[in-house]
Amino acid sequence: MKKILLILTGCIFALTAYGQGNGNGNGNNIADGSNNIPTAHNEATIAQLQEEMALGKLTSVQLTNEYIARINALDQPGPDHGVNSIIELNPDAIALAQRADNLRKQGKVLGPLHGIPVLLKDNIDTGDKMQTTAGSFALFGKPALQDSTVAANLRAGGAVILGKTNLSEWANFRSFESTSGWSGRGGQTNNPYGLDRNPCGSSAGSAAAASANFAAVSFGTETDGSIVCPGNANGVAAIKPTVGLTSRAGVVPITHVQDTVGPHGRTVEDAAAALGVIQSRTFDGRDPATRGVPLGWQGTGKTRPTNIPLDYTVFIDPHGLKGARLGLTRAGLTGFTNVTTPQQVLAAFEEAVNALTAAGATVIDLDAAGFTFPPANGELLVLCFDFRRDVRAYFATRVGVPVAGGTLQTAIDFDNANADIEMPFFNQDIFDLCASLAPGVNDPQPAFGGMTYNQALAIDHDAGVNGIDKAISRFHLDAVVSATDNPAWSTDLLYGDHFIFGTSGLAAAPGYPIVQVPAGIVFGAPLGISFFGTAFSEPTLIKLASGFEAATRVRAHNLPTFADTVPARHIEGTTLTRPRPPTSSLKPEEAAKKMPHHM
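Note that the structure is a prediction, hence the values are computed from the model and not measured.

What counts, and where the lines are drawn
Residues numbered from 1 in each chain as written. Predicted model: local features only at pLDDT ≥ 70, side-chain atom pairs only at ≥ 80, totals over all residues. Heavy atoms only, no water. Pairing = 2+ DSSP bridges. Helix = DSSP H or I, 4+ residues; strand = E, 2+ residues; numbered from the N terminus. Right-handed = clockwise from strand over helix to strand, strands pointing away. Buried < 20%, exposed > 50% of the residue type's maximum accessible area, 1.4 Å probe, protein only. Lys, Arg positive; Asp, Glu negative; His and termini not counted. Salt bridge = Lys/Arg side-chain N within 4 Å of Asp/Glu carboxyl O. Polar contact = N/O pair within 3.5 Å; in protein donor to acceptor, adjacent residues only side chain to side chain. Contact = heavy atoms within 4.5 Å. Disulfide = S-S within 2.5 Å. Axes fitted to C-alpha atoms, helices over the stretch in contact; angles between N-to-C directions. Parallel < 35°, antiparallel > 145°, perpendicular 65-115°, else oblique. Left-handed = near helix turned anticlockwise from the far one by under 90°. Nonpolar A, V, L, I, M, F, W, Y, C, P; charged D, E, K, R; others polar. pLDDT = per-residue confidence, 0-100. Core = buried A, V, L, I, M, F, W, Y, C linked by side-chain atoms within 4.5 Å. Arc of directions from axis to C-beta.

Further remarks concern the pairing of strand S10 (residues 362–365). Both strand S9 (residues 325–328) and S10 contribute to a ladder of 4 bridges, which runs parallel. The residue bridging Gly327 from the neighbouring strand is Ile364, located in S10. Note on the crossover from S9 through helix H11 (residues 343–358) to S10: the handedness is right-handed.

The next thing to look at is unusual backbone geometry. The amide bond that connects Val566 to the next residue, Pro567, takes the cis arrangement and shows omega of 0°. Examined against the element boundaries, Pro567 turns out to sit in the loop between helix H18 (538–552) and helix H19 (588–594). In this model, Trp170 sits at a positive phi of 55°, which is unusual for a non-glycine residue. Of note, Trp170 is situated in helix H7 (residues 169–172). In this model, Phe562 sits at a positive phi of 60°, which is unusual for a non-glycine residue. Residue class for Phe562 comes out buried when judged on its relative accessible area of 4%.

Before going further, it helps to examine the side chain of Arg304. Looking at the element boundaries, Arg304 is found in the loop between helix H10 (268–278) and S9. There is no salt bridge for the buried Arg304, and the closest opposite charge comes from Asp287, which lies 8.5 Å off by N-O distance. One polar contact links the side chain of Arg304 to the main-chain carbonyl oxygen of Ser280, over a distance of 3.2 Å. Polar contacts involving the side chain of Arg304 include one to the main-chain carbonyl oxygen of Gly292, which spans 3.0 Å. Excluding residues that lie within four positions of it along the chain, Arg304 makes contacts with Gly244, Leu245, Ser280, Ala289, Thr290, Arg291, Gly292, Val293 and Phe536.

Okay, the state of the cysteines next. Summed over all chains, the structure comprises 1 disulfide. Bridging Cys200 to Cys229, the disulfide has an S-S length of 1.5 Å. Its S-S torsion of about 65° marks the bond between Cys200 and Cys229 as right-handed, since a negative value means left-handed. With Cys200 in the loop between strand S5 (187–188) and helix H8 (204–211) and Cys229 in helix H9 (residues 228–234), this residue pair connects regions lying 29 residues apart in the sequence. By relative accessible area, Cys200 is classed as buried at 2%.

The next point concerns the packing of helix H12 (residues 379–395) against helix H16 (residues 453–475). Running from amino to carboxyl end, H12 crosses H16 at an angle of 125°, the nearest separation of the two axes being 8 Å. By the criterion of interaxial angle, the relationship of H12 to H16 is oblique. For the element pair H12 and H16, the recorded crossing hand is left-handed. Residues Glu379, Leu381, Val382, Phe385, Asp386 and Arg389 of H12 lie in contact with H16, whose contacting residues are Tyr453, Ala456, Leu457 and Asp460. Each residue belonging to the contact of H12 with H16 can be placed in one class, and the counts come to 6 nonpolar, no polar and 4 charged.

Let us now look at the confidence of the model for the protein chain. Residues of the protein chain with pLDDT of at least 70 account for 91%, and the chain-wide mean is 92. Here helix H1 (residues 2–10) is the element of the protein chain with the lowest mean pLDDT, 39, and strand S2 (residues 117–121) is the one with the highest, 99. For residues 1–29, every residue scores under 50 in pLDDT, and the model assigns this stretch 105 contacts once sequence neighbours within four places are set aside. This model gives residues 595–599 a pLDDT under 50, and the stretch forms 6 contacts once residues within four places in sequence are excluded.

Take the nonpolar core next. In this structure, Leu326, Leu366, Ile529, Phe531 and Phe548 are the most contacted members of the largest nonpolar core, which totals 59 residues. If we ignore the near neighbours within four places in the chain, the residues touching Leu326 are Leu321, Leu356, Ala361, Thr362, Val363, Ile364, Leu477, Ala479, Val481, Phe531 and Leu544. The next biggest cluster of nonpolar side chains, apart from the first, holds 48 residues, and it includes Ile68, Val118, Leu119 and Phe562.

We now examine helix H3 (residues 46–54). All of the buried residues in H3 are Ile46, Leu49, Gln50 and Met53. Projected onto a plane normal to the axis of H3, the buried residues spread over an arc of 100° and lie on a single side. Next to the buried residues of H3 lie helix H4 (60–75), helix H5 (93–105), strand S6 (217–222) and H10. Note on H3: the residue one or two positions beyond its end, Gly56, has a positive phi of about 80°.

This part takes up the pattern of salt bridges. Taken as a whole and judged by the stated rule, the model has 11 salt bridges. For the salt bridge of Arg185 with Glu88, the shortest nitrogen-to-oxygen distance reads 2.8 Å. Of this pair, Arg185 sits in the loop between strand S4 (182–183) and S5 while Glu88 sits in strand S1 (residues 86–89), placing them 97 residues apart in sequence. For the pair formed by Arg185 and Glu88, the shared burial category is buried. Between Glu350 and Arg330 there is a salt bridge, with the nearest N and O atoms lying 2.8 Å from each other.

Pasting the structure below:
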């Protein structure tokens, strides 16, 4: 059961056309911007980039080339010295940038992302020359036939789709023994704060790329933790939207009940701007959830808002915490594995809590008040049952790939036949579990103690009603707040991931939103906090998170260094001297000639 909790917490080298980079990945070289690596627009916000382009100081083509140069230098040098967050670059990226420049010259700006290079996780369809594989060769071959709704919205808004990011294969839903950030097609993504550290979650490449300044913003997907956990580990802001606010049409699924698409950005404002572009304010037609409400609101009489914002950046407020009421929970932070959370991590979180109050928030300790968040014990059954059905529907949209028109069993068979490239480190026991389930929504499932799918849905629904919703109502809260996850662990392909705690499950099953923001640094590794709310409360969460960001400026004071290891200090050890040969028989001048240099 512990491993089930771990996988749910985090669940959810082909650079075409541009060649390989020449950076060596050395932390010292990268930090000082040597090796001709572009740094002029590092940490530049979308608003700043738009201002430069409006004034004619920068073109989209120039910016796109800058990001490509950084990717070639810092992402691709090799497994030991690169981030390896990009699985493929778009061969049409420069042409898209030129089109954006041409439109701007004509006085046409299509939106806040016009001319801005962005990256998409490799499970989001693009109807172009790029692959969409979820990291697996089972989906490699002919590209998707049409754009996902998210990609179509980005194109309509003038964004430059720069490429695809690597991910945990199949969105980290293939094996209980998986290593986050590894896929058969893309290899292992590393963390730009320390290349030996794991980027966490299935949207690993999305967060790592945004953190490394490889694009202005990037987009990932989350079922349970796969946007916010990478945001935490890679030191970036992350928005996991309400299920149904962004369309999942053309996205490789896990479950239609929990899947959502959201942005990673270096600031909350950038992530908010990106959310406004990709959302579906009206019914998409390809995703029923875009006209409904998430599981936690179903059957409660609550309906989808009719005033969903066009622009979420209007909720950015540097004083957003002043007067706010926040419910704090530390549930699980001491560790739900056999590893106790280090005191340094707990201390860093308490500093973040103190920063909340210093910025004007009233913090109510929910644990001390006796409030308990009910567990969503039906979640894994919902995921498994839906995955088998939903992935079959997705396979029906693809042609020219090994699993086109197939079923989950087709993917299982492909992996077994290609185990040397798909399963060199871990198996597909989650796939096998999902394939073994009885077919009916009311069929008892022996693997889950006889629970049925409909019973699992009811449990997960109640986890929202009696969890976040109940806490907000009882204590008159603006949001619930907690630590996001433990700081990044060292990547371990032998034993898999090392989650100690994670809080995304509070919002995952009912389909509620989370905004994650950097909150501290522990031995060089980022630590974040998450603001949780009920469905469609993104405006409030963005206001609160931006207020915390302005008050603490954690990322601004702790930029990634691409160090080989984290921690990077006090690990050198001694400097050894080669033992000297006997010199008693030699004259002094002869002995001096034979004296070795220090090694």
